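So you can see what is in the structure, the chains are spelled out below.
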Amino acid sequence: MKKLSYALLFVFLITLSACMGTENEFDGSKNITVYTRDTTSGTRAGFMEGIGFSEASQNDSILVQGFVIKDNTGIMTSMTTDEYGIGYVSLSSVNQTVKGLYFNGVEPTLVNVINDTYGLKRPFMWMIRAEGDYASDTVEQLVNAFIAFLSTTDAQDIINNNGAIGLPSTLSWDDIKAQHPVTNQNNQGVVVRFGGSDSIQKVAEALTQSFASKAGNFTAEHDHTGSGDAYKRTQDPTVKDTSVGKDVGFSSRYFKDNEKIGVDSSDMGQLAWDAIVAIVHLNNPVSDVTSEDLKKIYSGEFTTWNELIK
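Residues numbered from 1 in each chain as written. Predicted model: local features only at pLDDT ≥ 70, side-chain atom pairs only at ≥ 80, totals over all residues. Heavy atoms only, no water.

1. Some remarks on the packing of helix α5 (residues 137-150) against helix α8 (residues 201-214)
Operational definition: Angles shown run from 0 to 180 degrees and are taken between the N-to-C directions of axes, each axis being a line fitted to C-alpha atoms and, for helices, limited to the stretch in contact. For the purposes of this entry, the term helix denotes a DSSP run of H or I that reaches at least four residues, the term strand denotes a run of E that reaches at least two, and both are numbered from the N terminus. Left-handed describes a crossing whose near helix is turned anticlockwise from the far helix through less than a right angle; right-handed describes the clockwise counterpart. Residues count as neighbours in contact if any of their non-hydrogen atoms are within 4.5 Å of one another. Lys, Arg, Asp and Glu make up the charged group, whereas Ala, Val, Leu, Ile, Met, Phe, Trp, Tyr, Cys and Pro make up the nonpolar group; the residues left over, Gly among them, are polar.
The contact between α5 and α8 brings their axes to 11 Å, and the two run at 115 degrees. For α5 against α8, the interelement crossing comes out right-handed. Seen from α5, the contacting residues are L142, A145, F146, F149 and L150; seen from α8, they are L207, T208, S210, F211 and K214. Residues of the contact of α5 with α8, tallied by class, amount to seven nonpolar, two polar and one charged.

2. Remarks on the pairing of strand β11 (residues 268-280)
Applied cut-off: Note on classification: 1.4 Å probe, protein chains only; a residue is buried when its accessible area is under 20% of the maximum for its type, exposed when over 50%, partly exposed between these limits. If DSSP finds at least two bridges between two strands, the strands pair.
Within β11, 11 of the 13 residues are buried, which leaves the element mostly enclosed by the surrounding structure. The pairing of strand β3 (residues 85-90) with β11 spans five bridges and is classified as antiparallel. The residue of β11 that forms the bridge with I86 is V280. In the sheet, strand β6 (residues 121-128) pairs with β11 via seven bridges, with the strands oriented antiparallel. From the neighbouring strand, K121 faces β11, where its bridge partner is A275. In this sheet, β11 lies alongside strand β7 (residues 165-166) in antiparallel orientation, the contact comprising two bridges. For I165, the partnering residue across the bridge sits in β11 and is W273.

3. Thoughts on unusual backbone geometry
The phi torsion at D116 lies on the positive side, around 65 degrees, for a residue other than glycine. By the element assignment, D116 lies in the loop between α4 (110-114) and β6. Overall, D116 belongs to the exposed group, its relative accessible area being 55%. Phi at N217 is positive, roughly 60 degrees, even though this residue is not glycine. Its place among the elements puts N217 in the loop between α8 and β9 (219-224).

4. Things to note about the side chain of R37
Definition in use: By the criterion applied in these results, polar contacts are pairs of N or O atoms within 3.5 Å in which, for protein atoms, one can donate a hydrogen and the other can accept it, and in which residues neighboring in sequence qualify only through two side-chain atoms.
Along the chain, R37 falls in the loop between β1 (33-36) and α2 (42-50). Accessibility expressed as a relative area gives 5% for R37, which makes it buried. Polar side-chain contacts of R37 include one of 3.5 Å to the backbone oxygen of K70.

5. A short note on helix α11 (residues 291-299)
Those residues of α11 not exposed but buried are D293, L294, K296, I297 and Y298. Along its buried surface, α11 packs onto β1, α2, β3, β5 (102-103), β11 and β12 (288-289). Looking one or two residues beyond α11, the residue adopting positive phi is G300, at roughly 95 degrees.

6. Points about the pattern of salt bridges
Where we set the bar: Salt bridge, as used here: a side-chain nitrogen of Lys or Arg that lies within 4 Å of a carboxyl oxygen of Asp or Glu.
Scanning all chains against the criterion turns up 16 salt bridges. Across the salt bridge formed by R129 and D241, the nearest N and O atoms sit 2.8 Å from each other. Pair noted here: R129 is in the loop between β6 and α5 and D241 is in the loop between α9 (228-235) and β10 (248-251), with a separation of 112 residues, a long-range link. Look at R129 and you get buried, because its relative accessible area is 4%. Notably, a salt bridge pairs D247 with R193, separated by 3.4 Å at the nearest N-O pair. A residue pair is termed long-range when its members are at least 10 positions apart, and D247 in the loop between α9 and β10 and R193 in strand β8 (residues 191-196) qualify at 54 residues.

7. Focus on α2
Think of an α-helix as turning once every 3.6 residues; residues three or four places apart then point the same way. Of all the nine residues making up α2, seven are buried; the element is thus mostly covered by neighbouring parts of the structure. Considered for burial, the residues of α2 that qualify are G42, T43, R44, A45, G46, F47 and M48. The secondary structure elements touched by the buried residues of α2 are β1, β3, β6, β11 and α11. Near the N-terminus of α2, the side chain that reaches the backbone nitrogen of T43, with its oxygen 3.1 Å away, is that of S41. Directly beyond the C-terminal end of α2, a positive phi value near 80 degrees is found at G52.

8. Topic: the layout of surface pockets
Heads up, the rule is: The way it works is a 1 Å grid over only the protein atoms, where trapped points that fit a 1.4 Å probe form a cavity and open points with protein on both sides within 12 Å along at least five of seven lines form a pocket, and then any residue with an atom within 4 Å of a point lines it. Grid points are joined across faces, edges and corners, and a volume is the space filled by probe spheres set on the points.
In this structure, the largest pocket spans a volume of roughly 160 Å³. Lining the largest pocket, in full, are N72, T73, M76, S92, S93, D198, S199, Q201, K202 and E205. Of all the secondary structure elements, the ones that give two or more residues to the lining of the largest pocket are α3 (72-81) and α8. Residues belonging to the lining of the largest pocket are distributed by class as follows: one nonpolar, six polar and three charged.

9. Observations concerning the environment of S210
As for its position among the elements, S210 is in helix α8. Each C-alpha atom of the pair S210 and G87 lies 32 Å from the other, and the pair is 123 residues apart in sequence. Aside from chain neighbours lying at most four places away, what touches S210 is F149 and I158.

10. Focus: the packing of helix α6 (residues 153-161) against α8
At a minimum axis separation of 9 Å, α6 and α8 run at an interaxial angle of 145 degrees. At the point where α6 passes α8, the crossing takes the right-handed sense. Side by side, α6 and α8 meet where D154, A155, I158 and I159 of the first sit next to V203, A206, L207, S210 and K214 of the second.

The structure is reproduced here in structure tokens:
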């Protein structure tokens, strides 16, 4: 009787194992579901330029038919459920719920971005309102102090700890704090508005949380809607003075020439580097793609996963 029980248990385990294997089997003949950001996205610009498909940065018509537009969070969420999807996000967003793909044989890591071996790299930029164009002198002084803070080792440590790559610095906040006396007063009740690229949101929130405690505990209000809004909401007269206007805007790409017209060079700059990572579902057996592979996927030349599985 006991032998029979063991035999039945063995059969049960074999059957369960077979069923689980069937459920997890990846069907390479399935069509690739292509996810992308919209044409205002700095992530899209950096990705398309990095794979040699820069003409697709601003042009949906040359992308594969049936592509899906999502924001950074939407693409991350989709890759946890869409077994046959592919998208791209900021390196700082990648976690264990998705698979980040090697690019041209190089793993997407901070170390490989810093040593310049990982190719899909783009800048994190900031832009502020013009001098005198703030809700109050206190807000303007806090913004100027924050921009100064970005160039310190304190800020670069925060940037590095939140998935981006800080710029070289030798100054600490203590070295320059005396130049910004506004940070010594009680600023509770003062609101400073931040926005722009949603790829930078995680880094920006970490930076403002740390800086607020060093600057009289002002309130940092975040509303991140895309790189294109870094300019619009700080400089564009039709937008900046509306309810969505911002004091500091972030872009995950270099500012375009038309976005720099009339903007003083001291009102914009770079705070970090970031990498862009192509991501897929955890069940996807593909682990490495080339720039040519990605261009063929996004142009529609590759349509099924069998063309990528090697």
